[in-house]
Amino acid sequence: MVLKSKDLLGLRGMTAEEIEHILDTAKMMKYVITSNNKRTPHLQGKSIVTLFYENSTRTRLSFELASKYMSASSANISSSVSSVAKGETLVDTGKTIDMMGTDVIVIRHPQSGAPHLLAKHVKASVINAGDGMNEHPTQALLDMFTIREKKGTLKGLKVAIIGDIYHSRVARSNAWGLVTMGAEVALAGPATLIPPKMETTGVKVYSTIHEAIIDADVVMALRMQLERQKKALFPSIREYFRFFGLDENRLRLAKKDALIMHPGPVNRGVELSSAIADNEKSVINEQVTNGVAVRMALLYLLTRRGINEAAD
Amino acid sequence: MKLLIKNGHIIDAKTGIDGVFDLIAEDGKIVEISGDIDAEGCEIVDAEGKYVLPGLVDAHCHLRDPGFEYKEDIESGTRSAAKGGFTSVACMPNTNPVIDSESVVKYILNKAKQEGYVNVYPIGAITKGLKGEELAEIGELKFAGAVAVSDDGKPVKSSSLMKKAMQYASMFDITVISHCEDTDLVEEGVMNEGCMSTALGLKGIPAAAEEAMVARELLLSEYLDIPIHIAHVSTALSVELIRNAKKRGARVTCETCPHYFSLTEEACMGYDTNAKVNPPLRTARDVQAVIEGIADDTIDIIATDHAPHHIDEKRVEFSLAANGMVGFETALPLAVTKLVRPGIITMRKLVEKMSLNPAKLLGINKGTLDPGSAADITIVDIDAKFTVRPELFESKSKNSPFGGMELYGLVWGTIVDGRPVVSENILL
């Protein structure tokens, strides 16, 4: 099986089969990470460039290690300013990278849709490592991988996602992916931070954390950006934690064996009480390992794409 | 020069003519319309099977000249207008310098006289530099030749300033055209707020941002009993607010643009920046309401809001892309395809909304084929089908979301002051 597109731009529009295929491949890759010899020849002779217009520690490191574990040549470009402020357009930057023989460009960008624009203008495969508030598909894939690993399946599970859904590319990618995989997605957050008409996408939206969490198999808390307070999106951290913070009392509403997830970095005492972050049900640290596996799988599948096509 | 147009279906919304006749024009004026004219020494245009209409008048376009000639200039813009069947266009003042002084008005009028393919009427600014702070010299603008005033592209944020602008402009009998947008509500929005903005992860512009200011303008207009014209109406509730105000007898007129009755927010799918426009493309429900507004005459005018942009301003991230789309060369075909052919409006109504009413709004002596009036004529074949190819547009800019679409309503001929500018769909 091959991925339909040359790029991984988002989970919206991806089929369940494709997602399943990526997760299956990631499972194989996880053996590599946990083995003694973290080196495979899968990406030998391939060139991977990460192009980050936003700061990132874990996602970038995760992609870089994924490339290295599979013997790719990799390089990094980071720019704290947008392409426009820098004076070169994204398309021009992309073409330059493309012409150096790059097979995969991994891009993070503050504008939604930037990876889509890049993908249209380069021959290389483009992986979206987070675009504005649109999608962060590799994060959602690693979340789904983690859930599937623990629960055996995604189908029929209730996944509660709590917090600032509006600005969250993690929430969007998870919502699209999980709905496609047959999970029930229950969202809760301050009404000012729920995207308009979100319920038309097949998810359920609740105004209390209780309704979202009750009988949930997975509870995912999103990072709350403190500066949203200044834009009058919520009154205070104190009030946020009172109504949407995840503590032990609230967690009791979820299933006994519910998983606690967070895309990191965690604001302890804001999205999660400290006790919850360190709770045995928390899989936050395993998410990090799985992130490398998922990114290895994607790099492998996208660079193999051409080979398979030629064989067909 | 004498021109004889034979056997066309002539429609004139003003005089009520609606049937197959011959038309003769001489020295730039309409001379006669009647059954069967034979005349010697005439250039003859055979319009059999086609409609012969008073030249279309566009109440809202951007010619980008002076200041942004890399997007469009008066020459290229009027070529594009002629190709689209427009014989008169009113251009908005967001140029550089802004049309807020006599000298800029004169510059445009002079350049149009020298290089223009169609008549050009500048619209002056409401406020100096479009800054929304102080009134522009509206009297001077009017006497220099401006046909209306507008801060188009920007709303007049201050309600009291808008009130004063309406009072002041009414003294000179010049209409205020309002671009309705509550920028506080827009925040950083780049497309309509709703399902699509959620799906694309883009910040949304609520419909209420337009409606709130439409409501304000209606209240001011009714309070002052001074006319107001609402530009580019795009939402269902805006249409409803205006409909109700008209029922109360308010002196309000309004326009919409072809994209608001032809496209929904779904055109933004795939981050297509050619579909980025302000006000943004709305939902199917809004499109339906705009169509109903056109049908019941709540909406008086179909204007293009022709907004050329260079490819470098569109081949960027969606949030960073410029707002607007070119419209001259697709407006009439879209109106024919989406409104006339499905039976929503008659050709006569189309003539009202694309020729007579805009001429009335601007107070220009156009929009009719009455003998003695200027021989500005548009000939259209509403049965001819063609594929929109933006790369072939006369406009310098190609930012159209309609590329590849099959439309009816080929502009067969455009005649300005009795002189053919477009013939057999070819610009002369």
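Colleague: Could you give an account of the interface of chain A and chain B, naming the residues involved and the relevant values?
Modeller: Of the residues lining the interface, 27 residues belong to chain A; the matching set on chain B comes to 20 residues. Carbon and sulfur atoms make up 57% of the area that chain A and chain B hide from each other, which totals about 1,900 Å². For chain A, the biggest contributors to the area lost against chain B are Arg12(A), Gln111(A) and Pro196(A); these three give 24% of the whole. In this structure, the connection of chain A to chain B is made through 1 salt bridge. A salt bridge links Lys231(A) to Glu188(B); the shortest N-O distance between them is 3.3 Å. The interface formed by chain A and chain B holds 8 residue pairs in polar contact (both at pLDDT 80 or more) in total. Looking at the side of chain A that touches chain B, the elements that each hand over two or more residues are helix H3 (83-86), helix H4 (90-99), helix H5 (114-121) and helix H7 (169-180) of chain A. Among the elements that make up the side of chain A that touches chain B, the one with the highest residue count is H5(A) (5 residues). Looking at the side of chain A that touches chain B, its residues break down into 11 nonpolar, 10 polar and 6 charged.

Colleague: So what's going on with the nonpolar core? Which residues, and what values?
Modeller: A general trend in soluble globular proteins is that nonpolar side chains are found buried together. In terms of nonpolar packing, the biggest core is built from 103 residues, with Val89(B), Ile230(B), Phe261(B), Met347(B), Leu350(B) and Met354(B) touching the most fellow members. With 8 residues, helix H12 (residues 328-340) of chain B is the single largest residue contributor to this core. Taken domain by domain, this core gets at least three of its residues from each of domain 1 (2-51 + 376-427) and domain 2 (55-362) of chain B. If we ignore the near neighbours within four places in the chain, the residues touching Met347(B) are Ile11(B), Tyr51(B), Leu53(B), Val340(B), Val380(B) and Ile382(B). In terms of nonpolar packing, the next biggest core, distinct from the first, is built from 62 residues, Ile33(A), Ile165(A), Ala175(A) and Val294(A) among them.

Colleague: Would you mind going over the packing of H4(A) against H5(A) in detail, with residue names and values included?
Modeller: Residues and elements named next belong to chain A. Look at H4 against H5: their axes get within 9 Å of each other, and the N-to-C directions meet at 50 degrees. The pairing of H4 with H5 is recorded here as oblique in orientation. In terms of crossing hand, the pair formed by H4 and H5 is right-handed. In contact with Leu-90, Val-91, Gly-94 and Lys-95 of H4, H5 contributes Ala-114, Leu-117, Leu-118 and His-121.

Colleague: Give a detailed account of the packing of aromatic side chains, specifying residues and quantitative values.
Modeller: Scanning the model with the defined rule gives 5 aromatic pairs over all chains in all. Between Phe234(A) and Tyr240(A) the ring centres are 6.0 Å apart and the planes differ by 65 degrees, which places this aromatic pair in the edge-to-face class. The burial state of Phe234(A) is the same as that of Tyr240(A); both residues are buried. Within the aromatic cluster, the residues linked to one another by ring pairs are Phe234(A), Tyr240(A) and Phe244(A). Taking the ring centre of Trp412(B) as reference, the NZ or CZ of Lys50(B) above it sits at 4.7 Å. Positioned over the ring face of Tyr408(B) is Arg341(B), at 3.6 Å from the centre of the ring.

Colleague: Pulling in residues and values, what's your account of the state of the cysteines?
Modeller: Residue and element names in this part refer to chain B. Scanning the model with the defined rule gives 0 disulfides over all chains in all. Left unpaired, Cys-61 is separated from the closest cysteine sulfur, that of Cys-91, by 5.7 Å. Cys-257 forms no disulfide, and the closest cysteine sulfur to it belongs to Cys-254, at a distance of 11 Å. Given a relative accessible area of 0%, Cys-257 falls into the buried group.

Colleague: Quick one: what's the story with the side chain of Asn357(B), residue by residue and with numbers?
Modeller: All names here are of chain B. Positionally, Asn-357 belongs in helix H13 (residues 347-362). Judged by its relative accessible area of 15%, Asn-357 is buried. Within the structure, the side chain of Asn-357 is placed 2.9 Å from the backbone oxygen of Asp-300, a separation counted as a polar contact.

Colleague: Please provide a residue-by-residue account of the packing of helix H7 (residues 207-224) of chain B against helix H8 (residues 236-247) of chain B, values included.
Modeller: Residue and element names in this part refer to chain B. Interaxial distance between H7 and H8 falls to 9 Å at its minimum, and their mutual angle equals 15 degrees. When the axes of H7 and H8 are compared, the pair comes out roughly parallel. With respect to the hand of their crossing, H7 and H8 are arranged in right-handed fashion. Contacts between H7 and H8 involve Glu-210, Glu-211, Val-214, Ala-215, Leu-218 and Glu-222 on the former and, on the latter, Leu-237, Ser-238, Leu-241, Ile-242 and Ala-245. Along the lines of polarity and charge, the residues of the contact of H7 with H8 split into 7 nonpolar, 1 polar and 3 charged.

Colleague: Quick rundown of the sheet that holds strand E10 (residues 175-178) of chain B? Include the residues and the values.
Modeller: Residue and element names in this part refer to chain B. Taken in spatial order, the 5 strands make up an open sheet running E9-E10-E13-E14-E15, and their pairing is parallel. The open sheet terminates on both sides in strands that have one partner only, identified here as strand E9 (148-150) and strand E15 (301-302). The pairing of strand E13 (residues 228-230) with strand E14 (residues 252-256) spans 3 bridges and is classified as parallel. Across the sheet, residue His-229 finds its bridge partner in E14, namely Thr-253.

Colleague: Got a sec to walk through the sheet that holds strand E1 (residues 47-52) of chain A? Specific residues and values, please.
Modeller: Residues and elements named next belong to chain A. The parallel open sheet is built from 4 strands, whose spatial order is E2-E1-E3-E4. Edge strands, defined here as strands with exactly one partner in the open sheet, are strand E2 (73-78) and strand E4 (125-131). Ignoring strand direction, the axes of neighbouring strands in this sheet form an average angle of 15 degrees. Pairing geometry for E1 and E2, over 6 bridges, is parallel. Along E2, the bridge assignment pairs Val-49 with Ala-75. On the sheet, helix H2 (residues 58-69) packs against E1, E2, strand E3 (104-109) and E4 and is oriented at approximately 160 degrees with respect to E2.

How each quantity is defined
- Residues numbered from 1 in each chain as written.
- Chains lettered and ligands numbered in written order.
- Predicted model: local features only at pLDDT ≥ 70, side-chain atom pairs only at ≥ 80, totals over all residues.
- Heavy atoms only, no water.
- Contact = heavy atoms within 4.5 Å.
- Buried area = accessible area lost by both parts, 1.4 Å probe.
- Salt bridge = Lys/Arg side-chain N within 4 Å of Asp/Glu carboxyl O.
- Polar contact = N/O pair within 3.5 Å; in protein donor to acceptor, adjacent residues only side chain to side chain.
- Helix = DSSP H or I, 4+ residues; strand = E, 2+ residues; numbered from the N terminus.
- Nonpolar A, V, L, I, M, F, W, Y, C, P; charged D, E, K, R; others polar.
- Core = buried A, V, L, I, M, F, W, Y, C linked by side-chain atoms within 4.5 Å.
- Buried < 20%, exposed > 50% of the residue type's maximum accessible area, 1.4 Å probe, protein only.
- Domains from an automatic or database assignment.
- Axes fitted to C-alpha atoms, helices over the stretch in contact; angles between N-to-C directions.
- Parallel < 35°, antiparallel > 145°, perpendicular 65-115°, else oblique.
- Left-handed = near helix turned anticlockwise from the far one by under 90°.
- Phe/Tyr/Trp six-rings, centres within 6.5 Å; stacked < 30°, edge-to-face > 60°.
- Lys NZ or Arg CZ within 6 Å of the ring centre and 35° of its normal.
- Disulfide = S-S within 2.5 Å.
- Pairing = 2+ DSSP bridges.

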